[in-house]
Each structure stands twice: as C-alpha cells, then as structure tokens.
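Structure assessment
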Amino acid sequence: MELLFCCLEMLVPMWKVLVEGRAKSRAAILNRPASLNALTIPMVARLKRLYESWEENPDIGFVLMKGSGKAFCSGSDVVSLCELLNEGKMEECKTYFQTLYKFVYLQATYLKPHVAILDGFTMGAGAGIAVPGMFRVATNKTVFAHPEAQIGFHPDAGASFYLSRLPGYLGEYLALTGDKLNGAEMIACGLASHYVLHERLDLIEERLGKLITDEATVIETSLAQYGDLVYPDKTSVLLKFETIDKCFSHDTVEEIVDALESEAADNSYNEWCKNAIGKIKEASPLSLKVTLQSIREGRFQSLDQCLAREYRMSLAGMSKQVSNDVCEGVRARLVDKDFAPKWDPPSLEEVSKDMVDSYFSPLGEFEPELELPTALREPYI
C-alpha cells in the first residue's frame, strides 16, 4: 500500500495539492479550482502522506488546510470514480475510499492543532476532511451541504458520525434533503468553531503564518481576535427545529414524507415543507433508506466504527450489485445534466429490507474490512 501511495503521488501534478511553509506551520492548499477542488485518489494519498510527515516533524507546530478559488472542497470527484467503475477498475475505487477514510481518521486523531478555512463550497467528503479537525473556520461565503442521496450515494467520510450528533434531527434533515447551511448556521449548530468575514481571511492567515507555537489556545486566541459574532437570520432552517424534529424523528423515510405532507397542509411552514418533500423525492429511494439507517446507527457509534461501516456502504454502492444508482445519479446531475435519473428501484415502496441490509453487512471472506489504527490513535471528538 505504501508503494502504491508513492506511485500515485508521482502520477499527479503536485500543484493539485500545494504546500506553503510558514514560521512554525504548514498549509495544504487544495488546488483544482475548475473542479471546485474535488478530491481524487492521488490528492487524498498526497494529503495523507503530507499530514503524516508534518505530524512527525518537530519543527512544525500546527497545520492549516484551505482551498483555492470559490470552494474549500466540493467532495469526492464522483465523475472520475464512475469512469473508473465503467472501466472495470473497482480496485482503484477501493483504494480511494480506504485512503480517504484513513485520512479523515488521521485528522480526528491529529496530535497537532489543525485549522481548516471553509471558505466557499464545503460539501460531501469536503466537509468530512475538515469537520473532524480541531478548528473549522466558516465565512460569509461558506456553503455546507451533503447532497449525496441526490446522486444515489450516501453521506460518508465520517458524515454519519457528525451529522448524527447535530441538535435534534437536523442531521437527518440535511442528509435526506441535501439542503445547504451557511457559515452563520454552521457556527450555530457546532459544525464550525469560528466565523470570519471572507474579506478578513488575508489578515487572519497572515497572523497565523507568523505564529511560532504548537499551543491550541494560542491559535484559538488568534482566530477569535479576527472573528465575528454572527447569528442565523430569521429565514434560517435552524429556526424550524420544532418542525424538523416532529417530521424527521420518524423511523422510516415513508413516515418522514407523510409527516412533511401533513405539516404542509396544516402549518405556516407549508412552503418549506413542500420544498423538503421535493428534494427528498428527487433523491434515489434506495439511497434515502440507506442514508437514514446510516445516520441512526452513527448516533450510537464511535468515529472509527462509522468510517468502517461507511466503507462497507461505499463498496456496496459502487459495486453495482444491488443498484447502479451512483453512476446513474452522477450521469443525470453532473455529466449529461438532464436531471432525470432513472432510479432502481424507482420508488421507496420497492426498496426491500434486504437491499438496505446488504449495504451494512460485513464484507466477504476475501474482502478485507477498513483497518484503522484505533489502538494507537484515539479521536479527541
């Protein structure tokens, strides 16, 4: 595996993950702006190797990650992953998910302070590589979302861990609808630790770049010095917690849709309920059921257990053994852009329990599970 990582690094132009050296820190810069910094196999392999080497380097006190252009990171490059699948290169897809999830676990157990600047789109696995870290800086340009169910996949890279721990049933709402949160909302629900105006980012990065420290408290003081106090506006979904909990606390996706339809008929939030129903009905029925179970199981699991389960789920989805919804969703939304996916099965009623259970079953005798260094590294979250 180590040799494979080395080979992958040699194949990718280094500029896709840039490195900046500072006085006592290093910065990793995701640099695929035309693709909204979507993650590829070589990129996550390089990130993992960089972070491992920086953790061992006594001259480096802390680490920062940011994106170039108008995104922090839009998630996994699912178009490339589906191209690999269609070429019969399932082993490369497995390598991607193994490396990505191991990097997420490395983030969550990192021995040095870590700052992620979430300026712009922060979606899917792009959130997964940041949220487990120590400091998450949102801005007035931040757009957070987990739209995986709308492309036939599931929120992964640790998402079932942190979404399930949001207030009430907000995690279920975000995972099933793919709805967005802004920076102020991320602060309010705990996904971000600090908020800084986009226009002040240069100042805060300059300040952090001059720090000669490995103390988290010193870094936090600097972030707070340039931070802003913000609250969600009156249109925020966070002001609809009562309705979210009432509707998304149900045991099945069908019951959640029924509850939303009932609220739409009787409640002042009828437009919001109708929008939520519309987003759910656009998604893959199989992905919706898999996603709901994932969030529910994640509420009672540690991060390493969530990542191990998500790895099984990802392989099940990408293998096409149950459904081709991942590649069909990617085709409809990101390739052909006809926004008319032909889901299989086409309705919630036709998704069987066996189909859903297959995503959560242990891998076969000849398929190794995801191995994480849990005996050596314990998450602080």
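Residues numbered from 1 in each chain as written. Predicted model: local features only at pLDDT ≥ 70, side-chain atom pairs only at ≥ 80, totals over all residues. Heavy atoms only, no water.

Named according to an unreviewed UniProt entry, the chain is 3-hydroxyisobutyryl-CoA hydrolase originating from Salix udensis. According to its UniProt record, the chain has this under Catalytic activity (unreviewed entry): "3-hydroxy-2-methylpropanoyl-CoA + H2O = 3-hydroxy-2-methylpropanoate + CoA + H(+)". (UniProt positions renumbered as here; feature names shortened; annotations may be inferred.)

1. Some words on the environment of lysine 66
Tracing the sequence through the fold places lysine 66 in strand E3 (residues 62–67). For the pair lysine 66 and glutamate 255, spaced 189 residues apart in the sequence, the C-alpha separation amounts to 40 Å. Excluding residues within four positions of it along the chain, lysine 66 makes contact with Glu20, Arg22, Ala28, Ile29, Leu30, Phe72, Ile117 and Glu205. (Helix = DSSP H or I, 4+ residues; strand = E, 2+ residues; numbered from the N terminus. Contact = heavy atoms within 4.5 Å.)

2. Thoughts on the sheet that holds strand E4 (residues 71–73)
Pairing within the open sheet is mixed, and its four strands lie in the order E4-E6-E8-E9. Looking along the sheet, the strands with just one partner apiece sit at the ends: E4 and strand E9 (180–182). Within the sheet, the average angular offset between the axes of one strand and its neighbour, ignoring direction, is 25 degrees. Alignment of strand E8 (residues 143–145) against E9, held across three bridges, turns out to be antiparallel. When the sheet's bridge partners are listed, phenylalanine 144 is paired in E9 with leucine 181. (Pairing = 2+ DSSP bridges. Axes fitted to C-alpha atoms, helices over the stretch in contact; angles between N-to-C directions.)

3. Some remarks on helix H10 (residues 216–225)
Owing to its 3.6 residues per turn, the α-helix brings residues three or four apart onto one side. What H10 keeps buried is the set Ile219, Ser222 and Leu223. On an axial view of H10, the arc spanned by its buried residues comes to 100 degrees, and they lie on one face. Residues Thr217, Thr221 and Gln225 are exposed on H10 and point more than 90 degrees away from its buried face. In this structure, the buried side of H10 is in contact with E3, strand E5 (114–118), strand E7 (135–138), strand E10 (194–195) and helix H9 (201–210). (Buried < 20%, exposed > 50% of the residue type's maximum accessible area, 1.4 Å probe, protein only. Arc of directions from axis to C-beta.)

4. A word on the sheet that holds E10
As summarised here, the arrangement of the six strands in space is E1-E2-E3-E5-E7-E10, forming an open sheet in which the pairing is mixed. Every other strand in the sheet has two partners, leaving strand E1 (17–21) and E10 as the edge strands with one partner each. Bridge count between E3 and E5: three bridges; the pairing is parallel. When the sheet's bridge partners are listed, valine 63 is paired in E5 with histidine 114. Packing of H9 onto the sheet brings it into contact with strand E2 (25–30), E3 and E5, and relative to E3 it is tilted by some 155 degrees.

5. Overview of the packing of aromatic side chains
Following the criterion strictly, the structure yields nine aromatic pairs and no others. Between the aromatic rings of tyrosine 51 and phenylalanine 103, the centroid separation amounts to 5.0 Å while the plane-to-plane angle is 90 degrees, which identifies the pairing as edge-to-face. Taken together, the positions of tyrosine 51 in helix H2 (residues 41–56) and phenylalanine 103 in helix H4 (residues 90–108) put the pair 52 residues apart, joining distant regions of the chain. Given a relative accessible area of 0%, tyrosine 51 falls into the buried group. A residue is classified by how much of its surface remains accessible, and phenylalanine 103, at 0% relative accessible area, is buried. (Phe/Tyr/Trp six-rings, centres within 6.5 Å; stacked < 30°, edge-to-face > 60°.)

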